Amino acid sequence: MSTLLIENANELVTPEGRHALNGHAMAKLRVIPNGALLSENGVITAVGTTEDVRRQLRQRQSDRSTSHKLNFESNCQSDRSSSYKSSFESNCQSSHELSCESNLPSGHPTSGKLSCGSNFSSDRSSSRQLDLRPDDVIIRDDAITRIDATGKTVLPGFVDPHTHFVFGGYREDEFNLRLQGASYMDIMRMGGGIAATNRATHAASEEELYAEGFKRMDRMLDLGITTVEGKTGYGEDTATEDKMLRVMELLDRDHPVDVVKTYLGAHAVPPSWKGRSGEYIDYLIKEGLPMAAGRAEFCDVFTEEGVFSLEESEKLLRAAKEQGFKLKMHADEIEPMGGAGLAAKLGAVSADHLLKAKDEDLFAMRDAGCIACVLPLTAFSLREPYARARFMIDHGLAVALGTDLNPGSCYSQSIPLMIALATIYMKLTIEETITAITLNAAAAIDRADRIGSLEKGKAADVVILDCPGYRHLSYHFAMNLVDTVIKKGDVVRRPCDRNC
Ligand SMILES: [Zn+2]
């Protein structure tokens, strides 16, 4: 039994429910002062005030074997260092119980998968200890890992429901030329654009894609992301798409951050299929979908003028649905083609971008329960107007936020900047924004029943922020306030990672 207790949080803050929150319900957060959370074997078993949760824990322990019974109030040991004693208040533990190794998640065999430097050795039997510091707050004894969150804010782990984080090569030259005014055609003439990423991804080995993807996931973890969606789509042939999918499968296995996989064979029309987008869709239906079926959970398509038409998109998505995929769409980003309306018609889980989506298509999404996944970092990077998220919420849609991390239009996974854009420019409240990056983001990848909120029965995916209240997320803008990250009840990132 692995047990984790987070206690004394200045605020524990969470949306509630096992489905997306629509419209103004997005602003309803549960805020618990002096909050606490109990996780057992990776699942949340209690959430409430510290007093309530401690009481529940004592009850559970008295129900169990007396050999593991703990009494937090009276069993204080005498050998604690006075320098950190004050942090622990009345909690009781001896100094030998502080060890990074003891906080390693199970089931992650590689030594490099944690972004925590030398203190997370792969040798879990080692008795190496951390140097004790006054602000060390993670304590472990025989039965329980305890985190004192005094002065801090506890939130659900962030979910990023739209990324293209596995890719080869970079396009920094093209990006900087674009900032200086180079046109799309200029960039295409110099061999840039998505075709450049496709070539680099084709040329990269599986090991290279894995190593780069792993580093990007480490950064996500630093920013509090505990689940990420990742898409294929830089393969111009099924073999390369298969390679991208395999890399995501390995990363999902090895890295603490969970990867939800999406097949995006229809990302762009490859040069060798130029002018034959319909035939390319037929190729994907015949070869791509069977390759990805049972491995990728979602099928996505880039529905856009000059890329894939509504008819081609519908043909692919219907075939995907028949082969067991759930659906997503890149819809109405550049031209108002009606992609959002098609997503609603086909029962897609989400439609994403939506910068140019028409009112009636948005209302159809609302009525169909399709999540509106908006991607402000991309609009920021492209100097485009933001999607109308305020309008969507005011008209009852469920809005999620994603980073759209990719090597072309948005090379950033910055949750802090995304929160700033959502609150300052898109006019979401900070409460709505939190729902959009937790519960609604989970709903956008069909996981709202398992993650996205701090509630009994959900996975113990938790972020602890080094700030006294959730409103600091927008107020202390564009700063990373993440202190500790917990994935399925295991501490996978902690403050010492920055220093040791
Ligand atoms: Zn995208």
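What this report covers is the structure whose coordinates are included nearby. (Residues numbered from 1 in each chain as written. Predicted model: local features only at pLDDT ≥ 70, side-chain atom pairs only at ≥ 80, totals over all residues.)

### Some details on the overall build of the chain
Let me state the cut-off plainly: Segments assigned H or I by DSSP are reported as helices when at least four residues long, segments assigned E as strands when at least two residues long, and all are numbered from the N terminus. Residue burial here comes from a neighbour count, namely the number of other C-beta atoms, placed from the backbone, that lie within 10 Å of the residue's own C-beta, with 20 or more meaning buried, 12 or fewer meaning exposed, and in between meaning partly exposed. By definition, residue pairs are in contact when their C-beta atoms, positioned from the backbone, come within 7 Å.
Scanning the chain from terminus to terminus reveals 17 helices and 17 strands. Scored against the burial criterion, the 500 residues of the chain give a buried share of 50%. When contacts within the chain are restricted to residue pairs at least 6 apart in sequence, long-range pairs at least 24 apart make up 71% of them.

### A look at helix 6 (residues 206-222)
For clarity, the threshold we go by: Helix span is expected to be 1.5 Å times the residue number reduced by one.
The first and last C-alpha atoms of helix 6 sit 24 Å apart over 17 residues, in line with the 24 Å expected at 1.5 Å per residue. Every buried residue belonging to helix 6 is among L209, G213, R216, M217, D218, M220 and L221, and all of these are buried. Among the structural elements, strand 7 (158-160), strand 8 (225-231), helix 7 (238-254), strand 16 (482-487) and strand 17 (490-493) are those in contact with the buried residues of helix 6.

### Topic: the sheet that holds strand 7
Put simply, the rule is: Each pair of strands is called paired provided DSSP finds at least two bridges between the two strands. Fitting a line to C-alpha atoms yields each axis, with helices limited to the stretch in contact; the angle taken between N-to-C directions then spans 0 to 180 degrees.
Spatial ordering of the open sheet is given by 7-8-9-10-11-12-13-14, a layout of eight strands whose pairing is parallel. Of all the strands in the sheet, the pair left with one neighbour each is strand 7 and strand 14 (399-401). Across the sheet, the axes of successive neighbouring strands diverge by a mean angle of 25 degrees, strand direction being ignored. Both strand 13 (residues 371-374) and strand 14 contribute to a ladder of three bridges, which runs parallel. Paired with C373 across the two strands is A400, which belongs to strand 14.

### What about helix 11 (residues 359-368)?
In an α-helix, one turn spans 3.6 residues, which is why side chains three or four residues apart end up on the same side. Rule in force here: The arc in question is formed by the directions pointing from the helix axis toward the C-beta atoms.
For helix 11, the full list of buried residues reads D361, L362, A364 and M365. Angular distribution of buried residues about the axis of helix 11 spans 155 degrees; they occupy a single face of the element. Structural note: helix 11 exposes D359, E360 and D367 on the side pointing more than 90 degrees away from its buried face. On the buried face of helix 11, the contacting elements are helix 10 (339-346), strand 12 (350-353), strand 13 and helix 13 (389-394). Immediately beyond the C-terminal end of helix 11, within one or two residues, lies G369, with a positive phi of roughly 75 degrees.

### Focus: the environment of K328
Within the secondary structure, K328 sits in strand 11 (residues 326-331). According to the C-beta neighbour criterion, K328 is buried, with 32 such atoms within 10 Å. Distance in space between the C-alpha atoms of K328 and T262 is 8.5 Å, their sequence separation being 66 residues. If we skip the residues at most four places from it in the chain, K328 touches T262, F298, D300, A348, V349, S350 and D352.

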